[in-house]
Amino acid sequence: MYDPDTLTIGVLGKPHGLRGEIVLRPYNSVGRARPLSPAGTETVELVRDGQTMRKRLRSCRVLGENLVLAFEGAESPDAVHVFTHWEVRVARQAVPALAPGEYFVEDVVGCDVLNSDGRRLGQASGTFWNGAHDVMTVALAEGQDAEVLIPMVPTVMVDVDIAARVVRVAWEAGDDE
């Protein structure tokens, strides 16, 4: 869900090595020009099943397509194993500024989704990566099918206004059939 103060950057995997490091599988590629990383921040938030905790970072480094994190007070594989499958969130102020027209995919969740004529289709209830592009799940307004999947590609995503919590799409109910 949208949080104006933090941004989810990935999910923790398995412990790495013997010194309390753990693999972070980032939601964006480390190889991109502007990877999202906790490097340069002192603390991160760990989130899972409605629980949130703050952890101070000891280190952060790149390992292939992943990052490897170490937390203060966690000096062994057993100490970090408990964080497997926790999401990692960082302060938005630590994230590089977005260019005009850019947005973070997770920020559309909770936005009202309107077609290009301004008619409300429903509300964005989630997103996922399908291997080719991101997809937005939209819980449709009453009286329609339960949900639709809308590809988050430039030809469909007409306008994304995160501040106003509105997404305009070139999409009509039934386009996914």
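Residue numbering note: each chain is counted from 1, following its sequence as written. In keeping with the model being predicted, local features are shown solely for residues with a pLDDT of at least 70 and side-chain atom pairs are shown and tallied solely at 80 or more, while totals for entire chains, interfaces and linings include all residues. The basis for the side-chain values is all heavy atoms of the structure; hydrogens and waters are excluded.

(A) Inspection of the confidence of the model for the protein chain at higher detail. The pLDDT averaged across the protein chain works out to 87; a share of 90% of its residues lies at or above 70. Note that pLDDT drops below 50 for residues 30-34; the model gives that stretch twelve contacts with residues more than four away or on any other chain. For every residue, the pLDDT score states the predictor's confidence, bounded by 0 at the bottom and 100 at the top. Residue contacts are defined here by distance: any two heavy atoms, one from each residue, within 4.5 Å place the two residues in contact.

(B) Fine view of the pairing of strand β12 (residues 166-169). The rule is simple: take the accessible area with a 1.4 Å probe, protein chains only, and divide by the maximum for that residue type; under 20% is buried, over 50% is exposed, in between is partly exposed. Put simply, DSSP marks the helices as runs of H or I at least four residues long and the strands as runs of E at least two long, and each gets a number from the N terminus on. The alternating pattern of β12 places Val167 and Val169 on a buried face, while none of Val166 and Arg168, on the opposite face, is buried. Here four bridges tie strand β7 (residues 112-115) to β12, and the two strands are oriented parallel to one another. Bridge pairing in β12 links Val113 to Val167. Sheet topology note: the strand β11 (residues 157-161)/β12 ladder contains four bridges and is antiparallel. Within the sheet, the bridge partner assigned to Asp161 lies in β12 and is Val166. A pair of strands is considered paired only if DSSP assigns at least 2 bridges between the two.

(C) Spatial organisation of the sheet that holds strand β3 (residues 43-48). Spatial strand order, β1-β2-β5-β4-β3-β6: six strands in a closed barrel with antiparallel pairing. In this sheet, neighbouring strand axes are inclined to one another by 50° on average, regardless of whether the strands run parallel or antiparallel. Taken together, the six bridges between strand β4 (residues 51-63) and strand β5 (residues 66-71) define a ladder with antiparallel strand orientation. Of the residues in β5, the one forming a bridge with Val62 is Leu67. Between N-to-C directions, angles span 0 to 180 degrees; the directions come from axes that are lines fitted to C-alpha atoms, helices contributing only their stretch in contact.

(D) Focus on the packing of aromatic side chains. Planes of paired rings set the category: under 30 degrees apart is stacked, over 60 is edge-to-face and the rest tilted, where pairs are Phe, Tyr or Trp rings (Trp by its six-membered ring) whose centres lie within 6.5 Å. With the rule as written, the count across this model stands at two aromatic pairs. The interplanar angle of 80° and the centroid separation of 5.6 Å between the aromatic rings of Phe71 and Phe83 together place this pair among those described as edge-to-face. With a gap of twelve residues between them, Phe71 in strand β5 and Phe83 in the loop between α1 (77-81) and β6 (87-91) connect regions that are remote in the sequence. Summarising the burial analysis for this pair, Phe71 and Phe83 share the class buried. With centroids separated by 6.3 Å and ring planes inclined at 85°, the aromatic side chains of Phe83 and Trp86 adopt a geometry described as edge-to-face. In this structure Phe83 comes out as buried when scored by relative accessible area, which is 7%. Assessed through its relative accessible area of 7%, Trp86 is described here as buried.

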